[in-house]
Amino acid sequence: MFLRIDHIGIACNDLEEKIALFSGLFDLTVVAREVNEEQGVKEAMLHVADGEGGGSYIQLLEPLSADSPVGKFLAKRGEGVHHVAFGVPDVAGAMEQIGAKGVRLLDERPRHGSMGSSIAFLHPKDVGGMLTELVQTARPEEM
């Protein structure tokens, strides 16, 4: 079902500061930046590596407001790993397959994600306490 670890989402208070940290320490390159109003974040995707199943990234997330999901996460837990995202060939199919196993889906249907992808989240209480994202990479013609 999973093709790769697509990205690790990291919540931060200052996006520019964390971009400088990760690019300086690990020689990572920012490949995309966007503001996602629906999710209440400014984000940057930093490329880690390419593999047989596609690319892998570090996603840095700065909340647009304190009452956004990432803003609430930062207030409760501080900066750090927010979620793990797995690349899948078909996000809707993966949702159906995982949901059939009793895992609660936080999304009823796929929605827009970073770099034109389709995404869905799984309830952390059903996945060992880890917020889990499913990611179907956009095809080049969709980008």
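Remember, it's a predicted structure, so these values are computed and weren't measured experimentally.

Colleague: Mind showing me how you'd approach the sheet that holds strand 4 (residues 54-63) here?
Modeller: Two orientations exist for strands paired in a sheet by backbone hydrogen bonds: parallel and antiparallel. As summarised here, the arrangement of the 8 strands in space is 2-3-4-1-5-8-7-6, forming an open sheet in which the pairing is mixed. The strands lining the two open edges of the sheet, one partner per strand, are strand 2 (29-36) and strand 6 (111-112). Here strand 3 (residues 41-51) runs beside strand 4; their pairing, made up of 10 bridges, is antiparallel. The partner of H47 across the bridge, within strand 4, is Y57.

Colleague: Before we go on, may I ask you to explain the nonpolar core in this structure?
Modeller: Core analysis: the largest hydrophobic core is formed by 10 residues, namely I10, C12, L15, I19, F22, L28, A44, L46, I58 and L60. When contributions to this core are tallied by element, the ones reaching two or more residues are helix 1 (15-26), strand 3 and strand 4. Listed in part, the 9 residues of the second largest apolar core include V91, M95, I98 and L134.

Colleague: What am I meant to see in the packing of aromatic side chains here?
Modeller: The description of an aromatic ring pair rests on the distance of the ring centres and on the angle between the ring planes. Under the defined criterion, the tally for this structure stands at 2 aromatic pairs. Between F2 and F86, the aromatic rings sit 4.2 Å apart at their centres with planes inclined by 5°, giving stacked as the arrangement. A residue pair is termed long-range when its members are at least 10 positions apart, and F2 in the segment before strand 1 (4-11) and F86 in strand 5 (residues 80-87) qualify at 84 residues. Ring geometry for F22 versus F26: centroids 5.9 Å apart, planes at 50°, classification tilted.

Rules behind the numbers
- Think of each chain on its own: its residues are numbered from 1, step by step along the sequence as written.
- Where totals are concerned, whole chains, interfaces and linings use all residues; where local detail is concerned, this predicted model gives features only for residues with pLDDT of at least 70, and gives and counts side-chain atom pairs only at 80 or more.
- Side-chain metrics in this entry use all non-hydrogen atoms of the structure; hydrogen atoms and water are not considered.
- DSSP bridges decide pairing: two strands pair if at least two such bridges lie between them.
- By definition, any uninterrupted DSSP run of H or I lasting at least four residues is a helix, any uninterrupted run of E lasting at least two residues is a strand, and each is numbered from the N terminus.
- In this text, buried Ala, Val, Leu, Ile, Met, Phe, Trp, Tyr and Cys residues form a nonpolar core when linked through side-chain atoms within 4.5 Å.
- Any residue under 20% of the maximum accessible area for its type is buried, any over 50% is exposed, and the rest in between are partly exposed; the area is computed with a 1.4 Å probe on protein chains only.
- Pairing of aromatic rings covers Phe, Tyr and Trp, the last counted by its six-membered ring, and requires centre-to-centre distances within 6.5 Å; plane angles under 30 degrees mean stacked, over 60 mean edge-to-face, and any other angle means tilted.

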